[in-house]
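Summary of structural features
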Amino acid sequence: MLPSKWFYAVVISLVFVFLSVFALAQAPATPSPSPSAADMNPNDPDRQEAIRLYHEHKLPEAAAMLEKIVEKYPKDTAAHEALGASLVSRADTQTEPEKRKADRLHARAELLRAKELGDNSDLCNVLLAGIPEDGSVSAFSDSKEVDAAMGRGEAAFAQGDWATAIKEYKSALELDPKLYLAAVNIGDTYYRLKQFDTAGEWFAKAVQLDPNREVGYRYWGDVLMADGKMKEAREKFIQGLVAFPYTKTSWVGLNGWLSHTHLAYKKIPIQLPQAPTSDAKGNSTITIDPASLGKDDGGAAWLMYSMERVLWKNEKFAKEYPQEKAYRHSLKEETSALSLVVTVYGETQHDKKAKKPDPSLIMLSQLEKEGLLEPYVLLVKADNGIAQDYFSYRDQHRDKLIQFVSNYIVPPAP
């Protein structure tokens, strides 16, 4: 778990650049270069003391020592990450807004430095995702009384004063019984006390308060994993991913679970053809791979994919979404195109079976038969357009999304 809860209130934008979310999650972490003796010294007594304080969750004290360590060893990647994490927590103990902001800006700088040195850990990525460039922090509540109680809880948590943290978080929850973050933070504090069953009860309460936020599931999974309940932890991490899959943090729990179990994400053997393109005048172009021509694998069905997508862009989208002024790639379009491919492939196979069927077509046919084409598109092939359809689908078919992740993305618990 993270050393502080500041990031809960941060709204993280969708992670769609050129890769799909699933591809991003499957990508191996960039290996950090091996540090030389000049870059760091694990036997340095001051460094050892700083790391001890860090692991004992005495983060303000750790931050003060780690500042000296990174000055002495500028290429000590782990020290930069630990300093960034410690400063985030120290910021929660600051009573003056300017000092809090300064600590958060310093934390961001240290985490960016760690990343420059090759740090691609989940912790570094999650912390960075939650610190805006200006170091600002969102309020926990519009109520000053509730926000003050949460702030006192955060300060106590940062100092390892678990009893006070629980007291203040509970005070905030009494004032606002729907305050999701208070329930999560109480659970996290009990986790620190290794009271796993109690922690789980509070995470369950958080999930009840808001089933569409992934943090409560992820922290619940952490508790179950720490208690050796790997099958149950897997279930919670999957539920968290389905709650909101389009940020890096949503994959952190599963990444950790796979690392702990020495497993890897499953590969889905589907290669889609190049999407049709349009020029400035709106004319569409379909690109056909010459290598695919003449094969006895049923691959001719893929031509339907591009043709259907052109039809959607030119005609169908406006009819299906009359309230939207501009065309976008939608879930309906993608599943319509893939379903048409599966239909044509099935018809050709009925007439004449291919000697070596295209593995992509076999898998697509299987997904459609199981009613899982939409989850595949939403979780593996989503772009900014398709992502807009996620929440309405999730609200009606959460079970299908969970089924797809469990069957096709995450291997069973050992």
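This text goes with the structure placed above it.
The present account deals with the structure reproduced in this document. (Residues numbered from 1 in each chain as written. Predicted model: local features only at pLDDT ≥ 70, side-chain atom pairs only at ≥ 80, totals over all residues. Heavy atoms only, no water.)

**Looking at the overall build of the protein chain**
We count it as follows: Strands are runs of DSSP state E lasting at least two residues, helices are runs of H or I lasting at least four, and both sets are numbered from the N terminus onward. Classification of residues uses two cut-offs on accessible area relative to the type maximum, computed with a 1.4 Å probe and protein chains only: under 20% is buried, over 50% is exposed, and between them is partly exposed. Note on definitions: a residue-residue contact is assigned when non-hydrogen atoms from the two residues lie within 4.5 Å. Residue exposure ignores everything except the shown protein chains as possible cover, and the areas themselves are Shrake-Rupley values with a 1.4 Å probe.
Each helix and strand in the protein chain was counted, giving 19 helices and 2 strands. A burial count over the protein chain gives 48% of its 414 residues as buried. Looking at the protein chain alone, contacts between residues at least 24 apart form 68% of all its contacts between residues at least 6 apart. Split by element, the accessible area of the protein chain, about 20,400 Å² in all, is 53% carbon and sulfur.

**Side note on the side chain of Ser250**
Relative to the helices and strands, Ser250 is located in helix α13 (residues 249–261). On the basis of relative accessibility, which here comes to 3%, the residue Ser250 falls in the buried class. Among all residues touching Ser250, those that are not within four sequence positions of it are Glu214, Leu241, Phe244 and Pro245.

**A few points about a nonpolar patch on the surface**
As a reminder of what qualifies: What makes a patch is a set of residues exposed beyond 30% relative accessible area and free of salt bridges, joined within 9 Å when like-charged and within 5 Å when nonpolar (Val, Leu, Ile, Met, Phe, Trp, Tyr). One speaks of a salt bridge when a side-chain nitrogen belonging to Lys or Arg is within 4 Å of a carboxyl oxygen belonging to Asp or Glu.
On the surface, Ile286, Leu303 and Met307 cluster together into a nonpolar patch covering about 230 Å² of accessible area. Position of Ile286 among the secondary structure elements: in the loop between β2 (284–285) and α14 (303–320). Since its relative accessible area comes to 34%, Ile286 is described here as partly exposed.

**So, helix α4 (residues 77–93)**
Test applied: Here the expected span of a helix is defined as 1.5 Å times the quantity of residues minus one.
With 17 residues, α4 extends 25 Å from end C-alpha to end C-alpha; this agrees with the ideal 24 Å at 1.5 Å per step. Among the 17 residues in α4, 15 count as buried, and that is most of the element.

**A few points about the pattern of salt bridges**
Tallied over the full model, the rule gives 20 salt bridges. In this structure, the salt-bridge partner of Arg309 is Glu333, at a minimum N-O distance of 2.8 Å. Remark: Glu333 occurs in helix α15 (residues 331–351) and Arg309 occurs in helix α14; sequence separation between them is 24 residues. According to the relative accessible area criterion, Arg309 is buried, its value standing at 11%. Put simply, Glu324 and Arg328 hold a salt bridge, and the shortest N to O gap is 2.9 Å.

**Quick look at helix α12 (residues 230–243)**
Over its 14 residues, α12 runs 20 Å from end to end, which matches the ideal 20 Å to within 8%, given 1.5 Å per residue. With respect to burial, α12 is a largely interior element, 11 of its 14 residues being buried. Close packing links the buried residues of α12 with α11 (214–226), α13 and α19 (390–409).

**Overview of the nonpolar core**
Selection criterion: Buried residues of nine kinds, namely Ala, Val, Leu, Ile, Met, Phe, Trp, Tyr and Cys, make up a nonpolar core once their side-chain atoms join them within 4.5 Å.
With 81 residues, the main nonpolar core has Ile268, Leu367, Tyr376 and Phe404 as its most contacted residues. Sorting elements by how many residues they give to this core places helix α9 (residues 180–192) first, with 8 residues. Counting 25 residues, the second-largest nonpolar core is a separate cluster that includes Tyr54, Leu87, Ala114 and Leu123.

**Focus on the packing of aromatic side chains**
Selection rule: Pairing of aromatic side chains here covers Phe, Tyr and the six-membered ring of Trp, requires ring centres within 6.5 Å, and sorts the geometry by plane angle: under 30 degrees stacked, over 60 edge-to-face, intermediate tilted. Whether a charge sits over a ring depends on NZ of Lys or CZ of Arg being within 6 Å of the ring centre and within 35 degrees of the ring normal.
Across all of its chains, the model carries 13 aromatic pairs by this definition. Ring geometry for Phe157 and Trp162: centres 5.2 Å apart, planes at 70°, overall edge-to-face. No difference in accessibility class separates Phe157 from Trp162, as the two residues are buried. Here the aromatic rings of Trp251 and Tyr265 are separated by 5.7 Å at their centres, their planes lie at 75°, and the arrangement is edge-to-face. One end of the pair, Trp251, is in helix α13; the other, Tyr265, is in the loop between α13 and β1 (277–278), and 14 residues separate them in sequence. Overall, Trp251 belongs to the buried group, its relative accessible area being 3%. Here the guanidinium or amino end of Lys236 rests over the ring plane of Trp220, the centre of that ring lying 3.9 Å away. One Lys or Arg, Arg328, reaches over the ring of Tyr321 and ends 5.0 Å from the middle of that ring.

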